Amino acid sequence: MEIRTEKGADGELGHAIVLHLQENSDEAIVFAAAELGRCLAAMTGREVVHAGAAEAAAGMLPGIAIRMQGDGGTAAAAEQPDGIAIDVDGGSGVISGTNPRSVLMAVYRYLHTLGCRWVRPGRTGEHLPRIVWPAVAVAIQEEASYRHRGICLEGAVSIEHVLEMIDWMPKLGLNSYFIQFREAFTFFERWYKKIEVADTLAFMEQAVAEIRKRGLLYHSVGHGWTCNALGLPGLGWEQVEWQGEADAELAAMIAEVGGERKLWKSVPLDTELCYSNARARQRFVDEAAAYASAHPEIDYLHVWLSDGMNNQCECLACRATTPSDWYVLLLNELDARLSELGIATRIVFLIYQELLWRPLQEQFAHSARFLLMFAPITRTYRQSFADAGELPELPPFVRNQIELPRTIADNIAFLAQWQDRFTGDSFDFDYHLMWAQQRDPGHMKLAQILHADIQALASLGLNGYMSCLVQRNCFPSGFAMTVMGSTLWNRTASFDALAEDYYAHAYGKDGVYCRNYLETLSRLYDQINLEGGLGKPLANLERYASVTAELEQFKPIIGRNLASLSAVQARSWRHLEHHRQLWLAMTDILRHYDAGDRQQGYDSWQRLQDWLWEIEPQVADVFDVQNFILVMGWILDGPGQETANNEEAISCEA
């Protein structure tokens, strides 16, 4: 094979860049080589040639080898910690990883060192600088700080939104994607409105194919097994009309609450089973085992109970022990079934709501199968795990009368007691970018909390973080996501260094002003404290005025950057202008509500919602309008107004 010398993209002649791949390389490694070739061609204007390993071994074609470290095989490598090794000088060398996904991450790390950046999902966030080839020498060898570095599907999404997020993840150093539920129906339905389960299953197939192409770890399901055991689909949190309680066998499997066995508030997903009923447990195990058998592509199957609270069975047999004891018993029965079937899929169990209280009697029979997932859904996002201090004594478990922990210390105390029972693998499942981002317009305070939380995970005995987040969360910027990926890869990463780099590349020469501006918005809204609700008019009136002044003063800086020569940066500034207009209006609305002028605030809120749906096509890739309206509706204590993408008005319960 000869080196081809052809005209590059810039019309100049030059020697080709050669990339070497071993025969029968894993799909993710082939994709890694394709990505390296695509980017280097755009950055240098040169032709990129893909050659086999034989030519490299013979010294015929000096170039860059893209390969996995060691020779233990792909299956064995999948369990290795993610690690990268880069040694490239003069256009020749090796880019490698401990497993196929790490090879892809190594490629992106090499490109990052050459000046590439990915400031948000999609090609509109991709910055590929022009460089001279051969490029600077790069030598890096690293291992990720945490095993679990993932994202969970939430929010309103199109299939394009999902695929762009999956594509962005390894560029940030993230390695796991979690598609909730068997069908992911509710997330796609929020966007498309009129859609069938068959459509969302087809979308899932596309998503899983892209996950596999990148060698990422695939997490699946979560809630839904309880309703599946009753023969009901677990598509979402909607109420249903169901006459199944008339069937004595089915009714006996439903948790008895207040003397009745029926769907909890008519929502199947929120309904618990009677776990002392062996038939109910068997139906649950049958469903989970059949799904695991049919889907060997799943790396981690999440097996959770219902999403309700204070809905545990009150029958005499169930009251004999705690919900967590019944949960561990159920998981052991599932483990035994999977072992009989020869299925090695790992099982993720959830400590959440009633399950925050540890089991008193049951132990895991085969703990290596399981991962503990800590989900502090009611925690504050105004403090980090590092601020926990001394842990308190926990309240006793009182069936169907629990109150969920709010403070960091209370939540960690529940985790600590579970860790006395379970010493296997574990990670934090958290919600920084699910709702809290809507209460921090600058995202900067929240990004600091996220950074500190991730740094503290190791000291809490947790081996990573899965972010339950709306997929479109980069409004005003993708900085929080960048902090997440970078700090999960390297827990010693400097927040200030990450910020300096991100804002310079996303916004250009005025990036430092942008950072200061967003930090000011975050600081002022941290003082306003939307997490604590409204009703503080005297304290907040001056703060609202300061926010408005800051938003007005920054307008000229945005204006002079809207015509930036960089398409990536110009788009960043356009998003920032829409964001500025949104928070001018939202700040005025909150001021009215806080001052007791609810009618004026309400009227303005309705107009703002109309405007948000009007501009949605311009920000849809970075901003989940539905989620913003939902969260602000909670704060304003009134229903939000939701409009479908086809401008059809529908109701939205806040």
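Preceding this section is the structure that the text describes.
Q: Help me get a handle on the pairing of strand β6 (residues 83-89), residues and values and all.
A: One face of the sheet, then the other: side chains in a regular strand alternate in exactly this way. With five of seven residues buried, β6 is to be regarded as a mostly interior element. Pairing analysis gives six bridges linking β6 to strand β10 (residues 138-143), with the strands arranged antiparallel. By the bridge assignment for β10, Ala85 is matched with Gln141. Remark: two residues form the turn of the hairpin made by β6 and strand β7 (residues 92-97), two consecutive strands paired antiparallel; Gly90 in that turn has positive phi of roughly 65°.

Q: Outline the environment of Pro359, supporting the account with residue identities and numerical values.
A: Positionally, Pro359 belongs in the loop between β17 (346-351) and β18 (370-374). Residues Pro359 and Val328, spaced 31 residues apart in sequence, show a C-alpha to C-alpha distance of 7.6 Å. Once residues within four sequence positions are removed from consideration, Pro359 is found in contact with Thr322, Ser324, Asp325, Val328, Trp418 and Arg421.

Q: Go over the nonpolar core with me, naming the residues and quoting the values.
A: Ile66 and Tyr110 are the most contacted members of the largest nonpolar core, which has 210 residues in total. Ranked by residue count, the leading element in this core is helix α19 (residues 567-594), at nine residues.

Q: So what's going on with the packing of aromatic side chains? Residues and values would help.
A: Tallied over the full model, the rule gives 34 aromatic pairs. Note on Phe364 and Phe370: the rings are 4.9 Å apart at their centroids and 45° apart in plane angle, and the pair reads as tilted. Neither residue differs from the other here; Phe364 and Phe370 are each classed as buried. Taken together through their ring pairs, the aromatic side chains of Phe479, Phe495, Tyr502, Tyr503, Tyr507, Tyr517, Phe554 and Trp573 make up a single cluster. Stacked on the ring of Phe385, the Lys or Arg Arg379 has its end atom at 4.7 Å from the ring centre.

Q: How would you sum up helix α12 (residues 408-419)? Please name residues and give values.
A: With 12 residues, α12 extends 17 Å from end C-alpha to end C-alpha; this agrees with the ideal 16 Å at 1.5 Å per step. Of all 12 residues that make up α12, nine are buried, and the element is covered over most of its length. Within α12, burial applies to Ile408, Ala409, Asn411, Ile412, Ala413, Phe414, Leu415, Gln417 and Trp418. Each element contacted by the buried residues of α12 is listed here: α11 (323-341), β17 and β18.

Q: I'd like a rundown of the sheet that holds β6, residues and numbers included.
A: The strands that make up a sheet pair up through hydrogen bonds in the backbone, lying either parallel or antiparallel. Within the open sheet, the six strands sit side by side as β4-β3-β5-β7-β6-β10. Their pairing is mixed. The sheet terminates laterally at β4 (48-52) and β10, the two strands that pair on one side only. The average angle at which neighbouring strand axes cross in this sheet is 15°, direction not considered. Bridge count between strand β5 (residues 64-68) and β7: five bridges; the pairing is parallel. Bridge pairing links Ala65 to Val94 in β7. In this fold helix α1 (residues 27-44) packs onto β3 (17-21), β4, β5 and β7, with an angle of close to 175° to the strand it touches most, β3. Relative to β6, helix α4 (residues 100-113) is tilted by about 45°, and along the sheet it contacts β5, β6, β7 and β10.

Conventions used here
Residue numbers here run from 1 along each chain, matching the order of that chain's written sequence. Under the rules for a predicted model, residues below a pLDDT of 70 receive no local features and side-chain atom pairs below 80 are neither given nor counted, while totals for whole chains, interfaces and linings still include all residues. Only hydrogens and water are set aside; all other atoms, that is, all heavy atoms of the structure, feed into the side-chain values. Burial classes follow relative accessibility: with a 1.4 Å probe on protein chains only, a residue under 20% of its type's maximum area counts as buried, one over 50% as exposed, and anything between as partly exposed. Helix and strand definitions follow DSSP, with helices as H or I runs of at least four residues and strands as E runs of at least two, each counted in order from the N terminus. Whether two strands pair depends on DSSP finding at least two bridges between them. Note on contacts: a residue pair is in contact if any heavy atoms of the two residues lie within 4.5 Å. As used in this record, nonpolar core signifies buried Ala, Val, Leu, Ile, Met, Phe, Trp, Tyr and Cys residues forming a set joined through side-chain atoms within 4.5 Å. Working definition: a ring pair exists when centres of Phe, Tyr or Trp rings (six-membered ring for Trp) sit within 6.5 Å. Plane angles under 30 degrees give stacked, over 60 give edge-to-face, the rest tilted. Geometrically, a charge over a ring is one whose NZ (Lys) or CZ (Arg) sits within 6 Å of the ring centre while staying within 35 degrees of the ring normal. Between the first and last residue of a helix there are one fewer steps than residues, each counted as 1.5 Å, and that sum is the expected span. The axes are straight lines fitted to the C-alpha atoms, using for helices just the contacting stretch, and the angles between their N-to-C directions are given from 0 to 180°.

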